[in-house]
Amino acid sequence: MTLIGKSVTRLEDGPLLTGRGRFADDYNVPRQLHMRVVRAPAAHGRIAAIRTEDARAMEGVAAVWTGADVADIPPIDFRLSRVEGLEPYRQPILAQGVVRYVGEPVALVFAEERYIAEDAADAVLVEIDEAAPYIDCTETPPGFLPGLDCEAALVEKYYGDLDAAFADADDILEVEFAVGRHSGVPIETRGALGLYNGERGRIELYGAAKVPHYNRNAIAAMLGLGRDDLQLFEGHVGGGFGMRGELYPEDVLVCIAATRLGRPVKWIEDRRENLLALNHSRDQVHRIRAAIDSRGFVLGLDDEIFSDQGAYVRSHGVTVVDLATAMLPGPYLIPAYRARAHVRLTNKTPAGTYRAPGRYESTFARERLLDAVADRVGIDRIEVRRRNLIPADRMPYSRYFQAMETPVLLDSGLYEDLLDRLLDRVDYPTLQGDLARRRAAGECVGVGIGYFVEKSGLGPFDDVRIEIARDGAIEAITGVASVGQGVETVIAQICAEALGADYRDVTVTHGQTDRIERGMGAFASRVTVMTGMAAHIAATRLRDALTPVAARLLQTHEDGIVFADGTVSAGADGPSAPLGAVAAALAEDQGNERATAEATFEVEHMTYPYGIHLVQLAIDRETCGIGIERFVVAFDIGRAVNPMLVEGQIHGGAAQGLGGALYEEFLYDDSGQPLSASFVDYLIPGSEEIPRVDSLVREDAPSGTNPLGLKGAGEAGINGAGAAVAAAIDDAIGRPGAITRLPVTPARLFALLNEEA
């Protein structure tokens, strides 16, 4: 093994660093029209009229559509976590008679130039008979449709005897925690170019991301097409984070318009649209009751969750609450457990997944609870975690319910060992002593931790085909997508490892639905585990197929064949041949242009990496500004293909975690009007606010679900950030349990400190 485990440089970076990246807005073709979306100006109400006359009369406008023009197209269906009864809550691609959030697509304008389309969209007048909006999801849900209210689903998970746990408790805690509404803010806004390729007899959509094969199949079904009648093509993607690349109304509308108008149609959203229309996330309230004994051991946990879904249930279904309820127990034993999550539709932008969906929220609630237990019992915050952690000899550990339609079986973990390694890394006793001295000198400083368990490697399958050309060039064709996480590098490393090649000679093809029949895409931190294992199997099969051919060419025994440095040899001192020459001979035997092998990797369980965030911060009591002085992430990934890329995932996630903890929040007024529709009001941390992140990446608990022991890393940097920041603020101001809501903005901290005074 020479390449797996090495921090080799990324293959993806060349085009990006030299200005040759090709993003959604870089796709242009002759005769293209530009689409502009007219969006609802009110949060809730009946559409009284849509006046399009002035827009239609403008020079350069090719067409104006309203909901009536696409009333025959069904709503967007669910990709994940479908539960019974969700269908009436799906979103139409253009509003049909009512609007349910500010920013909902109501009409479309198609014009020769982008700015003509924008001017024409401004000329469309939407008249709405407004109704009272539903804003607070903890309040009684009003009606949605006749016979249906705004609670779309109740998701419940449980195990153990909760009644007995509370009956046997020495104490019972009741606490409430909330995480505000925020989301990923990719550098690149959404966009798409749809066209009809007459030569190939198919519709083509450029600018795809995340799940191209699913989106192809879904759009084709909505339009009554066969799968081969529509193909999607991914270019470079300026950020994914869970919400980018899901199937939205605009993706479907571009395809419909390209066929009905007989011209290519391009759509690029502006930043205001992005903040109004891209999936929001988080926005949960947790009302927890916990039964504890005198030692601080949690006997039972009962959580009632209110999740603000926004105006419609989009393609994620109830994934967020499914994961929140399943992952809430985290790394702790908790013998009896129940979580009941109310999925309620409000008159806000629809919500979906965002990096560590459901876990960022539930980790905040759970870790705040553990801190409250420590305070109630009078023990150290580290010690309360030790007393509740799942011991290593209990692994694998079942939670007796499912998440994302797979059993939650914690596959491996040395939870206490990782805690000890983190404390050693920061020299925790010395750190505490330094903080005590600084507090005595009048500083407001503190430290906190957040322990979490992640999920990764979601199945059920991934396919890979590997081909070797006569010049030795290797291509791995996959059904995965790249959103910047290093897909090309990791898959190339795995392929090159098995074939004894230079990883730089491997081209990884992804996001092109015409190159491979099916693919699951990139989400749920699944790529390294699923696509990586499929690539490993395919490359191993190809090597095994090449071995007898090489033995024949080199006139030696098969067991003496060695693959290394792009050549195939009969041992260290024996004859050799270039890999491409052996591949050419195999291709001739196979009757192909290239030597080829395919593989599918299938699993029934996810993998469960785990980690701890430690945050040290200082508070300026006059300005209520919070400065992060130290951010440490300890994370056990099982086995790292490329440790540098793992650290990169951690660093990026940490920035987003701090954003949700201290800065980012979508707020609405009582009428449902958004108050955070620009970067003036929606604050994201910049380089001045993000500290250096210290990553402690461990490989002590490989997964038993795959031969390489792999787990995922995509959400390691974000999951525990909110919990650790909250604990550190408590510590700094000397008030255990003070922080119950994220983000901790200066205004909220000011109110808290004044309340203290």
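Residues numbered from 1 in each chain as written. Predicted model: local features only at pLDDT ≥ 70, side-chain atom pairs only at ≥ 80, totals over all residues. Heavy atoms only, no water.

A. Inspection of the sheet that holds strand β4 (residues 98-99) at higher detail. Read from one edge to the other, the open sheet built from three strands follows the order β4-β2-β6, with strand pairing classed as antiparallel. Only two strands of the sheet have a single neighbouring strand rather than two, namely β4 and β6 (125-130). Bridge count between strand β2 (residues 45-51) and β4: two bridges; the pairing is antiparallel. Its bridge partner being in β4, Gly 45 is matched across the sheet by Val 99. (Pairing = 2+ DSSP bridges. Helix = DSSP H or I, 4+ residues; strand = E, 2+ residues; numbered from the N terminus.)

B. Inspection of the packing of helix α16 (residues 643-662) against helix α17 (residues 721-733) at higher detail. Taken N-terminus to C-terminus, the directions of α16 and α17 make an angle of 50°; their axes are 8 Å apart at the nearest point. Considering the angle they form, α16 stands oblique to α17. Like other packed secondary-structure pairs, α16 and α17 cross with a definite hand, here right-handed. For the pair α16 and α17, the contacting residues are Gly 657, Leu 658, Ala 661 and Leu 662 in the first and Ala 721, Gly 722, Val 725 and Ile 729 in the second. Taken together, the residues that form the contact of α16 with α17 break down as six nonpolar, two polar and no charged. (Axes fitted to C-alpha atoms, helices over the stretch in contact; angles between N-to-C directions. Parallel < 35°, antiparallel > 145°, perpendicular 65-115°, else oblique. Left-handed = near helix turned anticlockwise from the far one by under 90°. Contact = heavy atoms within 4.5 Å. Nonpolar A, V, L, I, M, F, W, Y, C, P; charged D, E, K, R; others polar.)

C. Structural detail: the environment of Ser 456. You can see Ser 456 is positioned in the loop between β20 (445-453) and β21 (461-468). Relative accessible area serves as the criterion here: at 0%, Ser 456 is assigned to the buried category. When the C-alpha positions of Ser 456 and Leu 710 are compared, they lie 9.5 Å apart, and in sequence the two are 254 residues distant. Ignoring anything within four residues of it in the chain, the contact list for Ser 456 reads Ala 524, Ser 525, Met 606, Thr 607, Pro 609, Lys 711 and Gly 712. At a separation of 2.4 Å, a polar atom in the side chain of Ser 456 contacts the side chain of Thr 607. A polar contact of 2.9 Å, which involves the side chain of Ser 456, links it to the backbone nitrogen of Gly 712. (Buried < 20%, exposed > 50% of the residue type's maximum accessible area, 1.4 Å probe, protein only. Polar contact = N/O pair within 3.5 Å; in protein donor to acceptor, adjacent residues only side chain to side chain.)

D. Quick peek at the nonpolar core. The biggest cluster of nonpolar side chains holds 119 residues, and the ones touching the most others in it are Leu 617 and Ile 729. Contact partners of Leu 617, with chain neighbours within four places excluded, come to Cys 444, Val 445, Gly 446, Ile 626, Gly 627, Ile 628, Glu 629, Val 725, Ala 728, Ile 729 and Ala 732. By size, the runner-up hydrophobic cluster in this structure holds 56 residues, among which are Val 480, Val 487, Ile 491 and Ala 577. (Core = buried A, V, L, I, M, F, W, Y, C linked by side-chain atoms within 4.5 Å.)

E. Quick look at the environment of Gly 5. Take Gly 5: it is sitting in the segment before α1 (13-17). For Gly 5 and Val 490, which are 485 residues apart along the polypeptide, the C-alpha to C-alpha distance reads 9.9 Å. Not counting residues up to four positions away in its chain, the partners in contact with Gly 5 are Ala 640, Val 641 and Pro 643.

F. Representation of the sheet that holds strand β24 (residues 561-564) in the model. One open sheet holds the three strands; their spatial order is β24-β25-β26, and the pairing between them is antiparallel. At either end of the open sheet lies a strand with only one pairing partner, and these are β24 and β26 (576-578). Neighbouring strand axes in the sheet, compared pairwise and without regard to direction, differ in orientation by 20° on average. As paired strands, β24 and strand β25 (residues 567-570) are joined by four bridges and run antiparallel to one another. Each bridged residue has a counterpart across the sheet, and for Phe 563 the counterpart in β25 is Val 568. Its contacts with the sheet put helix α15 (residues 579-590) on β24, β25 and β26, and the angle it makes with β26 is roughly 80°.

G. Looking closely at helix α11 (residues 415-426). Counted at 1.5 Å a residue, the expected span for α11 with its 12 residues is 16 Å, and the 17 Å between its end C-alpha atoms agrees. Of all the positions in α11, only Tyr 415, Leu 418, Leu 419, Leu 422, Leu 423 and Val 426 are classed as buried. Looking straight down α11, one finds that the buried residues subtend no more than 135° of arc, so they occupy a single side. Following α11 by one or two positions, Asp 427 has its phi on the positive side, about 50°. (Expected span 1.5 Å × (residues − 1). Arc of directions from axis to C-beta.)

H. Just the pairing of strand β30 (residues 693-698), in detail. Pairing between strand β29 (residues 626-636) and β30: six bridges, direction parallel. Within β30, the position partnered with Phe 631 by the bridge is Val 693. With respect to chirality, the unit in which β29 leads through α16 into the neighbouring parallel β30 is right-handed. (Right-handed = clockwise from strand over helix to strand, strands pointing away.)

I. Summary view of empty space enclosed by the protein. Summed over the entire model, instances satisfying the criterion amount to seven cavities of 30 Å³ or more. Estimates place the volume of the largest cavity at around 150 Å³. If you go around the largest cavity, you meet 18 residues; those closest to its centre are Gly 207, Ala 208, Ala 209, Gly 245 and Asp 251. In terms of residue class, the lining of the largest cavity is made up of 10 nonpolar, four polar and four charged. One number sums up the size of the second largest cavity: a volume of about 60 Å³. (1 Å grid on protein atoms, 1.4 Å probe; cavity = no way out; pocket = protein on both sides within 12 Å on 5 of 7 lines; lining within 4 Å. Points joined across faces, edges and corners; volume = space filled by probe spheres on them.)

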